[in-house]
Every structure is written in structure tokens, then in C-alpha cells.
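# Structure at a glance
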Amino acid sequence: MALPVGNKLIDISIDLIEKLYVHLPLKRSMYAVNPIQRLRLLERRLNATLRPLTERQFYNEMLSIFSQMRDLHTAFVLPEPFRSATAYLPFRLEACTENGRRKYVVSELMSEAPRHQGFDRGTEVTHWNGVAIARAVASNAEREAGSNAAARHAQGLASMTIRWLGQSLPPDEDWIDVSFLPASRRSSKPRVARFVWRVFRQQSSAEHEVARASGRSVHLGMDTRGEVERQVRQFLFGRHRRVGPASRHFGRAGDLLSFMPEVFPSCRDVQTPHGRFAYVRIATFNVGDDEAFLQEFIRIIGQLSQNGMILDVRGNLGGLIHAGERLLQLLTPRPIDPCRFHFVNSTRTEKITQRRAFRAWHESIAQAVETGAEYSQGLTLLPAARYNDIGQKYQGPVVLVTDALCYSTTDIFAAGFQDNQIGKVLGVDESTGAGGANVWEYPLICDLLRRPGQFPKDLPGSASFRFAVRRVTRIGRASGLPLEDFGVQPDEVHEFTRNDVLKRNVDLIHHAAALLGPMPKQRLTATRSGPSTFAVECTNIDRVDAYIGDRPLTSINVQPGHIDLRVRSRRAGKALCLQGFRGEDLVAATRVPLR
Amino acid sequence: MQKQAARDPNRGPSSKQIEQSFDKGTTVPLDSFRDIIDWS
């Protein structure tokens, strides 16, 4: 290992973990880890004259120090050729529960996978290189950076068959021997199949990044490793495989075509015994522009059933935080109170927050000398009005479906959904992935710190770092609680079944539909019927309050059906805003532009 | 790709750019990759 390179990487790590990394106090307390001391020990070993470290030993230790913090946001990224490479096996495993026992089932096979008799979709894997599969997954999970138990299991399972080498060293074994029970004859004797690890090498580039909103975005919240693996898996297994509810179970409504198929791979109506509902899958918040994302979501939900929506964000690893947070307003008549973001108080954050973009945080950080506070004041990322500038667009009840892979922006979205009491959360795991922070890539940190001698932008071989720099705290009943490590606990847990794995989530969708069925439905719409009149249609609403902008206009008790509302033109503002109440509860809202 | 990134440092690669980098990718067995990285 070249000494100057190793020493520089260690110096940068120590400085940024100590003075910029926002979760260090939490991680020290929660996992009893001391990454700073481990880095100092590594520095000593690196500079030892007898038996100096090899490159592999050095990188192994760097990865271990970062993964021990159990934070997918905060990582050391290996240089080329690792960061453009992903090791994979030609199949995918998923967990399900049968007769109260967790089982591991093959859910997908690549077309190039070698054929082994009986090894197909639905095959139950029992052992992995001779180790019982549950033990093998648990052991793998310990190496991964997932935080709570559910997240660790999800990360451990995912990395059984795919690993981005930018953040994991290549597997030790060249091949694996899988013991399995054939899918078609499950009572027959176990068989063994051998699969060779292969490495997919993406065309490398100095600009190699996966974040659409850019590694330089200050508003990123994403599990980058998971996102690389998701994109590589999509490429290897086929971009156009069907992922939405199957027509044979839910009617021939057919998927709507989205202009953003990677983001919305499935959006359609599902016919169930509990009613006809909309189903929308949001596969990622990794978009370049939150406005285009919101407009596409509005277009999609306008074409689907208004009786209720199953919003499925399983496996969504995050992306642009605004995309998730601003989406919330479309699903509720009440104003959204967004999460709060805090820096750690340090000399580095004191310096960074002198910049205009972060100045709102500066005063509380500067005061820390006197207050001794560990974290800055918690503030929203955008001005409050931006979280409510569009208003409700879907008035039916909503069930949000989560899992332990939901991370960062998706955690923040799920927390906002629960804390603003938008609807029920149905989880296939006991928690979301628990990534509660805004993450900054190393080049962005270099730009902000402006110390090229200490923090050179170009590290050898395009090595890099990422750090969680602003922690998230929740609002509402969970006000002030951190999202990191705890995640969002669903209101109800669905035990994933073999049918879910093999029949495109059929039991899960029925479970979500059963939750939506008894929930009250309502409808409030307004259309212009004359130069100064509006036809207002109401269903399951007792009273309508009208505003021009923020100023009250009138309050009307209503019967089911329609009413005409007169708006004098001289009072015209930007929009006619209507709020529909049932009893004392605000249940629907709509806005109509006045010009 | 590099030219575009230089023009707009706040924008990441487009889907098309990522697709292209995947389409031009290659697959090798793990032991061949070990030869590339030259780690014993």
C-alpha cells in the first residue's frame, strides 16, 4: 500500500468523521464503536516498518471501520476498478414465511444462469456452502451496514447474490454450492447446484455516479450502494420484466404507461373483493427534478380509481429528499409539517453554515460554545410553503406499503406519512431501513470546505467518501425522535408469503385492499360554471369552507350532491380553496385557479 | 457525458447515460477480476 495515499485517506476520514459526521454521538452510544481510534490504529499499522499492510488489508480495514457504524449513508468508496464493478450470482433470493417459519425462495433467475434440474423460480434454498441458509444470511448481515435487525436482515439477504465492489470487497469464494428443494417436487431429496460468482464491469468514467440529482446535490438522501445494485440488477435481469400486480388476480386493468418507467414501474387499478383501488409503485426517488416527478405522479393518480390507493415503496432506496417530502401534500387535505434536519455542532459545520444556503443553521451552531448542545437547531430543508404549494390531489384513503430496504428519502417519506396521519402503513418487515439523514458526497464537501490541500477533490483511483451530515428528527406525536437506526414501524405487519414471492405480491395486495375497504371515502371537486360561479360536487361531506388564497370566503353546510358557489371577481386571488369537513374532521381539499 | 457534467455540475447522469455505460459493460468470472486487480 502506497503510504502517502493511505495516510491521506486516513487523515480525511478522521477529520470528517470527527467534525462533520452527524451520527457519530449516536453510533458511539448505540453500537459502542470508536471509528476514530480504529483509524488511528490503522495509521500506526500502515506506517509500521516491519510487516507493512498490503493494499487488500488496508482497504479491508477501511471498509470494516465504516461498515461498523451501521450507516449506509456513510461510506468509504473504493477506487477503480472496484467502484465500477459489481459481483453477482445469476439468481435472486427472497424471504417468505410458511407455517410460521422463515424460508428462502429463488424469486428470479437470469436467462444466462446455468441450468440445474429442479432449480427454478420457487426453489427453496436450504443451505449455502453447507451452512444453513438462515445462519448464512445472518452471518452476511453482520458484515453489512444495516442498522436495526430488520434492516440488517434485508441487507444481508440482498448481498447474498449481488455486491457492489465499490463498498464491499470481492467475495472470498469463487463459487457457491446451493442445497435446495426443487420447486416442483418439494418433498423430494435435497439437491446441490454450483454457481460461479461473476463480475459485471460498468464502463468506468470519471463522472461515474448513480444519483440523478447529482453527487453534488446538497439535498440527497439515498443508499448509494443499494441504488447501484438495483440498477445493475435491473440491467442484468432485464429492464422490462413485469413487476406489478398480475391481471389474472386483479383484473385486466393493465398498467398505465408512465413517462418515468424506472420511477413508476407499475401503476394500475386492482379489482379485489374489498373494492377497486389504485396501485402505484414508486421504485425510486432518485430523480433529477422533483417538479417533473410530482407532475407525473399527479397525472398518474388522476387516471386511477379514487376509492383508495395502495402506495408501494418497498425496495425504494431513496434519492432526492424534496421528491419524497413534497409528495406528501398530494395525499392529504391537511398542511404538511415536514421533518427537521440538524447538523452536528463543530468547527467544520460552523464554517460551512456561514454560507448563504445553510445560514439558518448558523446561529445555533455558533451558540453551541455557550450552550454545549451536541446538535444544531432542527430546520426544514425548504421554506415551509414549498411543502404545501400544490395541495391535495388524491382524496381517497391511502395505504403505504414499506419494507426494511426503504431507506433515507423513503424513510423520511414514510415518517412524514405516519406523523402527518395521512393513512395506514403496512410493512412486510417490522421497520423501514432507518436511514435518517441528508448525505453529502465527498466532492461536494470539498467544494464547501475549500481547503484543497487538506481535502483534494481528486483522490487516487477515484476513491471517494460519503457522509451523513444532517440528521432527521420526526414531527407530530413522534416530535424530536431520530429516524436513524429506529426507522418507521408500520401500523400493521404483513407476513410475506410464497404466493407473494411467486405471484407478484398477490397476498400483500389483498391485505392492503382489506385495510382500504372499510376506510371512509369522500370526494370534493369544483369546476367553473360561469364567470363568477363554481359548481361544487360533494360526497360524504357535511360542510365546505371556502377561501380565496388564505382569506375566508364562506362556510356552507351541504347535502350530498352539488352546490353553486359565487365568487365575486373583485375578490379574485390566485386560487379558490375549498375544504370539506365530515363532522369536525377535515377530510378533503381542492384548489381551483381563478385565472 | 463529461462535457455535460462540466456545464451543469448540479445534475447527475441521465438514464440514457447510465444505460450506455451498462450497455458497454463487460462480464467476467470473479477469478479473472482478481487477476485484473492483481491481489494475491
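Residues numbered from 1 in each chain as written. Chains lettered and ligands numbered in written order. Predicted model: local features only at pLDDT ≥ 70, side-chain atom pairs only at ≥ 80, totals over all residues.

## Focus on the overall build of chain A
Selection rule: We count a stretch as a helix when DSSP gives it H or I for four or more residues in a row; a strand needs E for two or more, and each element gets its number in order from the N terminus. Partly exposed residues are those falling between the two cut-offs: more than 12 but fewer than 20 other C-beta atoms within 10 Å of their own, whereas 20 or more means buried and 12 or fewer means exposed, with C-beta atoms placed from the backbone. Each residue gets a C-beta atom placed from its backbone, and two residues are in contact if those atoms lie within 7 Å.
Scanning chain A from N- to C-terminus turns up 16 helices and 28 strands. Seen through its C-alpha atoms, chain A measures out along the principal axes to roughly 90 × 70 × 40 Å. For chain A, the proportion of its 595 residues judged to be buried stands at 49%. Counted over contacts in chain A with a minimum sequence separation of 6, partners at least 24 positions apart contribute 71%.

## As for the overall build of chain B
The secondary structure content of chain B amounts to 3 helices and 1 strand. The order of helices and strands in chain B, counted from the N terminus, is α-α-β-α.

## A closer look at the environment of I563 of chain A
Residues and elements named next belong to chain A. Topologically, I563 is positioned in strand β26 (residues 561–566). For the pair formed by I563 and E537, sequence separation is 26 residues and the distance between their alpha carbons is 6.7 Å. Residue contacts for I563: discarding those within four places in its chain leaves V536, I556 and V558.

## Regarding the sheet that holds strand β13 (residues 275–281) of chain A
Residues and elements named next belong to chain A. Put simply, the rule reads: Think of it this way: DSSP has to see at least two bridges between two strands before they count as a pair.
If you walk across this open sheet you meet the 6 strands as β12-β13-β14-β17-β18-β21, and the pairing is mixed. Both outer strands of the open sheet, β12 (266–272) and β21 (492–493), are each paired with one neighbouring strand and no more. Here β12 pairs with β13 via 7 bridges, running antiparallel. The partner of T272 across the bridge, within β13, is G275.

## Concerning the pairing of strand β4 (residues 101–109) of chain A
All names here are of chain A. Pairing of strand β3 (residues 91–98) with β4, which is carried by 8 bridges, proceeds in the antiparallel orientation. Note that in β4 the partner of E94 across the bridge is V105. Here β3 hands over to β4 after 2 residues, with N99 in that stretch at a positive phi of 50°. Direction of pairing for β4 relative to strand β5 (residues 124–128): antiparallel, over a ladder of 2 bridges. By the bridge assignment for β5, V105 is matched with E124.

## Here we look at the confidence of the model for chain B
Residues and elements named next belong to chain B. Defined as follows: One confidence number per residue, pLDDT, is output by the predictor and ranges from 0 to 100.
Residues of chain B with pLDDT of at least 70 account for 50%, and the chain-wide mean is 66. The secondary-structure element of chain B with the lowest mean pLDDT is helix α1 (residues 2–7), recorded at 38, while strand β1 (residues 26–29) shows the highest, at 90. Taken together, the stretch residues 1–10 has pLDDT below 50 and engages in 11 contacts with residues farther than four places along the chain or on a different chain. This complex was scored by the predictor with a pTM of 0.93 and an ipTM of 0.76.

## Topic: the nonpolar core
What counts here: We define the nonpolar core as any set of buried residues of the types Ala, Val, Leu, Ile, Met, Phe, Trp, Tyr and Cys, connected via C-beta atoms lying within 7 Å of each other.
Ranked by internal contacts, the top residues of the largest apolar core, which has 149 residues, are I445, F467 and A512 of chain A. Formed by 16 residues, the second largest nonpolar core is a distinct cluster that contains L576, F581, A588 and A589 of chain A.

## Some details on unusual backbone geometry
Outside of glycine, negative phi angles account for most residues, and trans bonds account for most peptide bonds. Residue and element names in this part refer to chain A. E80 connects to P81 through a cis peptide bond whose omega is 10°. One non-glycine residue, R450, lies in positive phi territory at about 50°. One can find R450 in the loop between α14 (442–449) and β20 (464–473). Positive phi, normally seen in glycine, also occurs at N540, with a value near 60°. Looking at the element boundaries, N540 is found in the loop between β23 (533–539) and β24 (543–548).

## Quick notes on the environment of V558 of chain A
As for its position among the elements, V558 of chain A is in the loop between β25 (551–557) and β26. Each residue touching V558 of chain A, except ones within four places of it in the same chain, is listed here: C538, I541, D542, R543, V544 and I563 of chain A.

## Let's talk about helix α9 (residues 290–302) of chain A
Residues and elements named next belong to chain A. This is how it is decided: In a helix, the anticipated span is given by 1.5 Å times the number of residues less one. Note: the arc covers the axis-to-C-beta directions of the helix.
For α9, spanning 13 residues, the distance from its first C-alpha to its last is 18 Å, which sits close to the expected 18 Å at 1.5 Å a residue. When we look at burial in α9, the residues that qualify are D290, F293, L294, F297 and I301. Taken end-on, α9 shows its buried residues confined to a sector of 95°, consistent with a single buried face. In α9, the exposed residues that point more than 90 degrees away from the buried face are E291 and G302. Summarising the contacts, the buried residues of α9 are in contact with β13, β14 (309–312), β15 (318–320) and α10 (321–327).

## Section: the packing of helix α3 (residues 35–46) of chain A against helix α4 (residues 55–67) of chain A
Residues and elements named next belong to chain A. The condition that has to hold: Only the contacting stretch of a helix is used when fitting its axis, a line to C-alpha atoms as for every element, and angles between N-to-C directions run 0 to 180 degrees. In what follows, roughly perpendicular refers to angles from 65 to 115 degrees, roughly parallel to angles under 35, roughly antiparallel to angles over 145, and oblique to any angle outside these ranges. For this classification, the nonpolar set comprises Ala, Val, Leu, Ile, Met, Phe, Trp, Tyr, Cys and Pro, the charged set comprises Asp, Glu, Lys and Arg, and every other residue, Gly included, is treated as polar.
Where α3 contacts α4, the axes come no closer than 10 Å and their chain directions differ by 175°. One element, α3, and the other, α4, form an angle in the roughly antiparallel class. Contacts between α3 and α4 pair P35, R38, L39, L42 and L46 from the former with F58, E61 and I65 from the latter. Here the residues of the contact of α3 with α4 are counted per class, giving 6 nonpolar, no polar and 2 charged.

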